[in-house]
Amino acid sequence: MEFRVLAVGDVVGKPGLTYLTKRLRKLRRQVGADLCVVNGENAAMNGMTPDQGEAILDAGADVVTLGNHTWRQREIVDYLDETSRVLRPANFAPQLPGQGVGIYDISCGPVAVVSLIGRLHLDSNADNPFYKIDGILRAHPGMPLLVDFHAEASSEKLAMGFYLDGRAAAVWGTHTHVPTADGRVLPRGTGYITDLGMTGPRESALGIRPEQSIALFRGELTSRFAPAPGPCWLCGAVFTLEYETGRCLAVEQIIDQEAP
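Residues numbered from 1 in each chain as written. Predicted model: local features only at pLDDT ≥ 70, side-chain atom pairs only at ≥ 80, totals over all residues. Heavy atoms only, no water.

1. Considering the sheet that holds strand β10 (residues 184–185)
Alright, step 1. Ordered by their spatial adjacency, six strands build an open sheet running β6-β7-β8-β9-β11-β10, and the pairing between neighbours is mixed. Single-partner strands in this sheet number two, and they are β6 (101–106) and β10.
Alright, step 2. Bridge analysis of strand β9 (residues 170–174) against strand β11 (residues 191–193) gives three bridges, and the strand direction is parallel. When the sheet's bridge partners are listed, Ala170 is paired in β11 with Gly191.
Alright, step 3. Here helix α4 (residues 129–139) sits on the sheet and contacts β6, β7 (109–117) and β8 (145–150); the angle it forms with β7, its principal contact strand, is near 165 degrees.
Alright, step 4. Most of the contacts of helix α5 (residues 154–163) go to β9, to which it runs at about 170 degrees, and overall it touches β7, β8, β9, β10 and β11. (Pairing = 2+ DSSP bridges. Helix = DSSP H or I, 4+ residues; strand = E, 2+ residues; numbered from the N terminus. Contact = heavy atoms within 4.5 Å. Axes fitted to C-alpha atoms, helices over the stretch in contact; angles between N-to-C directions.)

Shown next as structure tokens:
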């Protein structure tokens, strides 16, 4: 039996959350998604508040994943222990609040969603994700496994994709906010894309005002980052999967955007 998963890239600031709220349910119907996973890492620019997490779920997401800014909004600490629909990276220290793996029921049966964080160029103080995922696979046999790998380096994301090829149903990257054009089914049947992109202001530097990013790289004093004005887009991918085998049949990149 086939099912479809819509994975949506990092929601950036109020513009990204507003656009997601307007578009996600319609987009989900259009692509026929049985499950929707949204990365909420930057809903507050740095991190996500509980209210923003609930807004993403209310917009049509089944699961919200996080990343290296998980703890920037400290009010999220209790929230992560209260909900099973928001996942922080599973390779964070085990004593930290929340969970990194969730089991969610769709019409075909249960599906496991995993949030992982990379270590190359990310000061996340996390366990090795390649070892961590082995234990997760052993603990969840016989069901499709979907992995949001929040990582900086494309090399680390590609390595994870090939490491899980034939063992996970789909692996997608988040964090860099730039959609990559390499969505495909890997040789042993795992759906893969290096980065979904982001949901937020299109004419921006990763969601923020370009002039602020330029000032940063020129070594000038900068103000607190603010989201850019103008039209938004929602970037992601749809994975068509076979439930019984856990194999991916197709990967389709999604870019839904406002007119200029």
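There is more to say after this.
2. Examining the pairing of strand β14 (residues 247–257)
Alright, step 1. Of the strand pairs in this sheet, strand β13 (residues 232–242) and β14 are connected by ten bridges, and their pairing is antiparallel. When the bridges of β14 are listed, Ala237 appears paired with Gln253.
Alright, step 2. Hairpin connection, β13 to β14: the antiparallel pair is bridged by four residues, and Gly246 has positive phi, about 70 degrees.

3. Description of the UniProt feature "active site" (unreviewed entry) in the protein
Alright, step 1. Here, UniProt's "active site" (unreviewed entry) annotation points to His69.
Alright, step 2. Structurally, the position occupied by His69 is in the loop between β4 (63–65) and α3 (76–82).
Alright, step 3. According to the relative accessible area criterion, His69 is buried, its value standing at 14%.
Alright, step 4. Those residues in contact with His69, other than ones at most four positions away along the chain, are Glu41, Asn42, Asn46 and Gly47. (UniProt positions renumbered as here; feature names shortened; annotations may be inferred. Buried < 20%, exposed > 50% of the residue type's maximum accessible area, 1.4 Å probe, protein only.)

4. Remarks on a negative patch on the surface
Alright, step 1. A grouping of Asp51, Glu54, Asp58 and Glu75 is seen on the molecular surface, where their side chains present a negatively charged patch.
Alright, step 2. Mapping Glu54 onto the fold places it in helix α2 (residues 50–58).
Alright, step 3. Its relative accessible area of 34% is what places Glu54 among the partly exposed residues. (Patch = residues over 30% accessible without salt bridge, like charges linked within 9 Å, V, L, I, M, F, W, Y side chains within 5 Å. Areas by Shrake-Rupley, 256 points an atom, 1.4 Å probe, with all protein chains shown as cover. Salt bridge = Lys/Arg side-chain N within 4 Å of Asp/Glu carboxyl O. Lys, Arg positive; Asp, Glu negative; His and termini not counted. Charge placed at Lys NZ, Arg CZ, Asp CG, Glu CD.)

5. Observations regarding the packing of aromatic side chains
Alright, step 1. If you walk through the whole model with that rule in mind, you get four aromatic pairs.
Alright, step 2. Ring plane angle 65 degrees and centroid distance 5.5 Å describe the contact between Phe130 and Tyr163, whose orientation is recorded as edge-to-face. Of the two residues, Phe130 is situated in helix α4 and Tyr163 in helix α5; the sequence distance between them amounts to 33 residues.
Alright, step 3. Lying across the ring of Tyr163, Arg167 places its NZ or CZ 4.6 Å from the centre. (Phe/Tyr/Trp six-rings, centres within 6.5 Å; stacked < 30°, edge-to-face > 60°. Lys NZ or Arg CZ within 6 Å of the ring centre and 35° of its normal.)

6. A look at the nonpolar core
Alright, step 1. If you look at the biggest cluster of nonpolar residues, it comprises 33 residues, and the most contacted ones within it are Leu6, Val8, Leu20, Leu24, Val38, Met48 and Ile56.
Alright, step 2. For this core, the elements supplying multiple residues, two or more each, are β1 (2–8), α1 (13–31), β3 (35–39), α2, α3 and β13.
Alright, step 3. At six residues, α1 tops the list of elements feeding residues into this core.
Alright, step 4. Aside from chain neighbours lying at most four places away, what touches Val8 is Leu20, Leu24, Cys36, Val37, Val38, Asn39, Leu196, Thr199, Leu234, Cys235 and Gly236. (Core = buried A, V, L, I, M, F, W, Y, C linked by side-chain atoms within 4.5 Å.)

7. Looking at the packing of α4 against α5
Alright, step 1. Remark: α4 packs on α5, axes separated minimally by 11 Å, with the N-to-C direction vectors making an angle of 30 degrees. Taken together, the axes of α4 and α5 lie roughly parallel to each other. Like other packed secondary-structure pairs, α4 and α5 cross with a definite hand, here right-handed. Where α4 abuts α5, its residues Pro129, Phe130, Ile133 and Asp134 lie against Glu156, Ala159, Met160 and Tyr163.
Alright, step 2. Within the contact of α4 with α5, the residues separate by chemical class into six nonpolar, no polar and two charged. (Parallel < 35°, antiparallel > 145°, perpendicular 65-115°, else oblique. Left-handed = near helix turned anticlockwise from the far one by under 90°. Nonpolar A, V, L, I, M, F, W, Y, C, P; charged D, E, K, R; others polar.)

8. What to know about the side chain of Arg28
Alright, step 1. Mapped onto the secondary structure, Arg28 falls in helix α1.
Alright, step 2. In terms of polar contacts, Arg28 uses its side chain to reach the backbone carbonyl oxygen of Asp34, at 3.3 Å.
Alright, step 3. Once residues within four sequence positions are removed from consideration, Arg28 is found in contact with Leu6, Ala33, Asp34, Leu35, Cys36, Gly60 and Asp62. (Polar contact = N/O pair within 3.5 Å; in protein donor to acceptor, adjacent residues only side chain to side chain.)

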